[in-house]
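Spelled out from the first residue to the last, the chains are:
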Amino acid sequence: MADDPIKLFDDWLAEARAAELNDPEAMALATADGEGRPSVRMVLLKGHGVDGFSFFTNVGSRKGEELAANPVASLLFHWKSLRRQVRIDGSIERVSDAEADEYFATRGRDSQLGAWASEQSRPLDHRGTFETRFEEARMRFDGGDVPRPPYWTGFRLLPERIEFWEDRPHRLHHRRLFTRRDDGWSIGLLYP
Ligand SMILES: Cc1cc2nc3c(=O)[nH]c(=O)nc-3n(C[C@H](O)[C@H](O)[C@H](O)COP(=O)(O)O)c2cc1C
């Protein structure tokens, strides 16, 4: 049995990239507010490795505010074509400004301008407001590089538990739970 959950995740993600119709990096991100009330939404995984699983967003969004109040989260990948899911729980930290700048610079120009135009999770009076703000950003940065907005950055989840689930015949699904220890990971099998 594999004893390195990060390596196993790499293998499963590679298979998902080959099998899924779209967005194999899409994952549900669950957060909770300061009173423990949960909320969930999809985000895209933008990096992963031994040091964690990262995604990018607007810190003023609902998830950004919840992560500031309660810096723990749970991620869930569901690869339907492969009949697999991976669940990852852990604490959250912000990525460095340098890392956020580096990733922001790789985004398409419209996405960069969109980050300036969007006040994520704030109600818009009408869609035209977003388009006006987008046009203002386009004129403001006309011809030059678009810098990263100060409120747009990445978060990294430091995994404490990683559970791999895969479909098996007769509903005898296979579940492997990896729990972080000081010297590596402990591994257990769970009942389906
Ligand atoms: C497949 C998919 C991927 C998404 N990826 C991101 C993402 O990487 N970052 C992000 O801020 N929002 C992403 N969104 C939008 C979020 O699901 C959500 O609507 C938005 O971030 C506001 O969430 P909040 O109000 O809970 O903060 C994605 C949506 C979908 C359906």
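Residues numbered from 1 in each chain as written. Predicted model: local features only at pLDDT ≥ 70, side-chain atom pairs only at ≥ 80, totals over all residues. Heavy atoms only, no water.

Participant: Honestly, the overall build of the chain in this entry has me stumped. Any pointers?
Facilitator: Check the secondary structure of the chain and you find 5 helices and 9 strands. By its C-alpha atoms, the chain is 55 × 35 × 30 Å across when sized along the principal axes. For the chain, the proportion of its 192 residues judged to be buried stands at 41%. In the chain, 28 side chains carry a positive charge and 33 a negative one; their mean positions are 4 Å apart. (Helix = DSSP H or I, 4+ residues; strand = E, 2+ residues; numbered from the N terminus. Buried < 20%, exposed > 50% of the residue type's maximum accessible area, 1.4 Å probe, protein only. Lys, Arg positive; Asp, Glu negative; His and termini not counted. Charge placed at Lys NZ, Arg CZ, Asp CG, Glu CD.)

Participant: I would appreciate a short explanation of the packing of aromatic side chains in the present structure.
Facilitator: The way to describe two aromatic rings as a pair is by their centre distance and the angle between their planes. A complete count under the given rule lists 14 aromatic pairs for this structure. Here the aromatic rings of Phe55 and Phe155 are separated by 5.9 Å at their centres, their planes lie at 25 degrees, and the arrangement is stacked. Within this pair, whereas Phe55 is found in strand E4 (residues 52-58), its partner Phe155 is found in strand E7 (residues 152-166), the two being separated by 100 residues in sequence. The exposure class assigned to Phe55 is buried, which follows from its relative accessible area of 0%. Measuring from ring centre to ring centre gives 6.4 Å for Trp116 and Tyr151, while their planes differ by 75 degrees; the resulting arrangement is edge-to-face. Here Trp116 is found in helix H4 (residues 109-117), whereas its partner Tyr151 is found in the loop between helix H5 (127-140) and E7, with 35 residues between them in sequence. Taking NZ or CZ as reference, Arg84 lies 4.2 Å from the ring centre of Trp12, over its face. Just above the ring of Trp116 sits the side chain of Arg140; from NZ or CZ to the centre is 4.7 Å. (Phe/Tyr/Trp six-rings, centres within 6.5 Å; stacked < 30°, edge-to-face > 60°. Lys NZ or Arg CZ within 6 Å of the ring centre and 35° of its normal.)

Participant: What is the right way to look at the nonpolar core in this model?
Facilitator: Nonpolar side chains tend toward joint burial in soluble globular proteins. By size, the foremost hydrophobic cluster in this structure holds 26 residues, and its most contacted members are Phe9, Val86 and Ile88. Mapped by element, the contributors of at least two residues to this core are helix H1 (5-19), strand E1 (26-32), E4, strand E5 (72-79), strand E6 (84-94) and E7. At 6 residues, H1 tops the list of elements feeding residues into this core. If sequence neighbours within four positions are ignored, Phe9 has contacts with Leu45, His48, Phe53, Phe77, Trp79, Val86, Ile88 and Phe164. (Core = buried A, V, L, I, M, F, W, Y, C linked by side-chain atoms within 4.5 Å. Contact = heavy atoms within 4.5 Å.)

Participant: Can you help me understand the pattern of salt bridges in this one?
Facilitator: Should the charged atoms of two oppositely charged side chains come close, the side chains can pair. In this structure the tally under the stated criterion is 18 salt bridges. Residue Glu93 pairs with Arg156 through a salt bridge whose shortest N-O separation is 3.1 Å. Of this pair, Glu93 sits in strand E6 while Arg156 sits in strand E7, placing them 63 residues apart in sequence. A relative accessible area of 34% means that Glu93 is categorised as partly exposed. Accessibility expressed as a relative area gives 10% for Arg156, which makes it buried. Of the charged contacts, one joins Glu166 and Arg168 as a salt bridge, the two residues approaching to 3.5 Å between their closest N and O atoms. Classification of Glu166 by relative accessible area gives buried; the value is 12%. Among the residues examined, Arg168 registers a relative accessible area of 35% and is labelled partly exposed. When salt bridges that share partners are traced, they join Glu15, Arg84, Glu166, Arg168 and Arg176 into one network. (Salt bridge = Lys/Arg side-chain N within 4 Å of Asp/Glu carboxyl O.)

Participant: Looking at this model, I keep getting lost on the pairing of E4. Mind explaining?
Facilitator: Successive residues of a regular strand alternate their side chains across the two faces of the sheet. Among the 7 residues in E4, 7 count as buried, and that is most of the element. Covered by surrounding structure in E4 are Gly52, Ser54, Phe56 and Asn58 together with Phe53, Phe55 and Thr57, the residues of both alternating faces. Where strand E3 (residues 47-49) meets E4, 3 bridges bridge the pair, whose relative direction is antiparallel. Residue pairing for E4: Gly49 is matched across the bridge by Gly52. In this structure, the hairpin formed by E3 and E4 is closed by a connection of 2 residues. (Pairing = 2+ DSSP bridges.)

Participant: Looking at this structure, I do not really get the side chain of Glu163. What am I missing?
Facilitator: Tracing the chain through its elements places Glu163 in strand E7. At 3.0 Å, the side chain of Glu163 forms a polar contact with the side chain of Arg175. The contacts of Glu163, once residues within four sequence positions are left out, are Gln85, Val86, Arg87, Arg175, Arg176, Leu177 and Leu190. (Polar contact = N/O pair within 3.5 Å; in protein donor to acceptor, adjacent residues only side chain to side chain.)

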